[in-house]
Amino acid sequence: ENNPAIAEQSIGFQTLPNPFSGELTIAFDLPESGKTKLVLLDLTGQFQFFEKESWLERGCQKVVWNTEDLSAGSYFVGLKTAENGWVWRKVVLVR
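Figured I'd write up the structure that's included with this text. Computed from a predicted model, the values in this text were never measured in an experiment.

**Regarding the nonpolar core**
Phase 1 of the analysis: Counting residues in hydrophobic clusters, the biggest one holds 18 residues, and the most contacted among them are Phe13, Ile26, Leu38, Trp65 and Val77.
Phase 2 of the analysis: Looking at this core, the elements with two or more residues in it are strand 2 (23-30), strand 3 (34-42), strand 5 (59-66), strand 6 (73-81) and strand 7 (85-93).
Phase 3 of the analysis: Here this core takes four residues from strand 2, the largest share from any one element.

Okay, structure coming up:
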């Protein structure tokens, strides 16, 4: 069974800055190449951003999302990898 705390540490999952305004950077380090998926959910569980599942090579990855169309508030960023399953991070958007 996957332990989210260990998974978060093993892939160096970061959301920068937090709190954020305008752009949100998601950074992570994949120990192995594989399929990944990134999502941003609001507190009701509705998808606000969705990166289609894609194949990424091992190593450092960075995704930048423009969040100008979102309202201020709390959101959850989810990263799914084949090796670690889902890892979640709470982020706060300020205006």
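Here the narrative resumes.
**Observations concerning the pairing of strand 4 (residues 47-56)**
Phase 1 of the analysis: Pairing analysis gives seven bridges linking strand 3 to strand 4, with the strands arranged antiparallel. For Thr36, the partnering residue across the bridge sits in strand 4 and is Ser54.
Phase 2 of the analysis: Between strand 3 and strand 4, which pair antiparallel and follow one another directly, the connecting turn spans four residues, one of which, Gly45, has a positive phi of 90°.

**A few points about unusual backbone geometry**
Phase 1 of the analysis: Of note, the amide linkage connecting Leu16 to Pro17 takes the cis form, showing an omega dihedral of -20°.
Phase 2 of the analysis: Note on placement: Pro17 falls in the loop between strand 1 (14-16) and strand 2.
Phase 3 of the analysis: In this structure, the amide linkage connecting Asn18 to the following residue, Pro19, adopts the cis form with an omega of 10°.
Phase 4 of the analysis: Mapped onto the secondary structure, Pro19 falls in the loop between strand 1 and strand 2.

**Quick look at the packing of aromatic side chains**
Ring pairs (aromatic) are described by centroid distance and by the angle formed between their planes.
Phase 1 of the analysis: What the rule picks out here adds up to three aromatic pairs.
Phase 2 of the analysis: With a centroid separation of 6.0 Å and an interplanar angle of 80°, the aromatic rings of Phe47 and Phe50 are classed as edge-to-face.
Phase 3 of the analysis: When the centroid spacing of 5.3 Å and the interplanar angle of 15° are considered together, the rings of Phe49 and Trp65 count as stacked. On the criterion of sequence distance, the pair formed by Phe49 in strand 4 and Trp65 in strand 5 is long-range, its members being 16 residues apart.

**Points about the sheet that holds strand 1**
Phase 1 of the analysis: Read from one edge to the other, the open sheet built from three strands follows the order 1-2-5, with strand pairing classed as antiparallel. The two strands at the open ends of the sheet, each matched to only one other strand, are strand 1 and strand 5. Across this sheet, the average inter-strand angle for adjacent strands is 20°, counted without regard to direction.
Phase 2 of the analysis: Where strand 1 meets strand 2, three bridges bridge the pair, whose relative direction is antiparallel. Paired with Gln14 across the bridge in strand 2 is Ala27.

**Let's talk about the sheet that holds strand 4**
Pairing between the strands of a sheet is mediated by backbone hydrogen bonds and can be parallel or antiparallel.
Phase 1 of the analysis: Here four strands make up an open sheet; going across it, the order is 4-3-6-7 and the pairing antiparallel. Two strands bound the open sheet, and with one partner strand each, they are strand 4 and strand 7. Each strand of the sheet is rotated relative to its neighbour by a mean of 15°, with strand direction disregarded.

**Regarding the environment of Asn84**
Phase 1 of the analysis: In this structure, Asn84 sits in the loop between strand 6 and strand 7.
Phase 2 of the analysis: According to the relative accessible area criterion, Asn84 is buried, its value standing at 11%.
Phase 3 of the analysis: Between the C-alpha atoms of Asn84 and Asp42, which are 42 residues apart in sequence, the distance is 23 Å.

Conventions and cut-offs
Residues numbered from 1 in each chain as written. Predicted model: local features only at pLDDT ≥ 70, side-chain atom pairs only at ≥ 80, totals over all residues. Heavy atoms only, no water. Core = buried A, V, L, I, M, F, W, Y, C linked by side-chain atoms within 4.5 Å. Buried < 20%, exposed > 50% of the residue type's maximum accessible area, 1.4 Å probe, protein only. Helix = DSSP H or I, 4+ residues; strand = E, 2+ residues; numbered from the N terminus. Pairing = 2+ DSSP bridges. Phe/Tyr/Trp six-rings, centres within 6.5 Å; stacked < 30°, edge-to-face > 60°. Axes fitted to C-alpha atoms, helices over the stretch in contact; angles between N-to-C directions.

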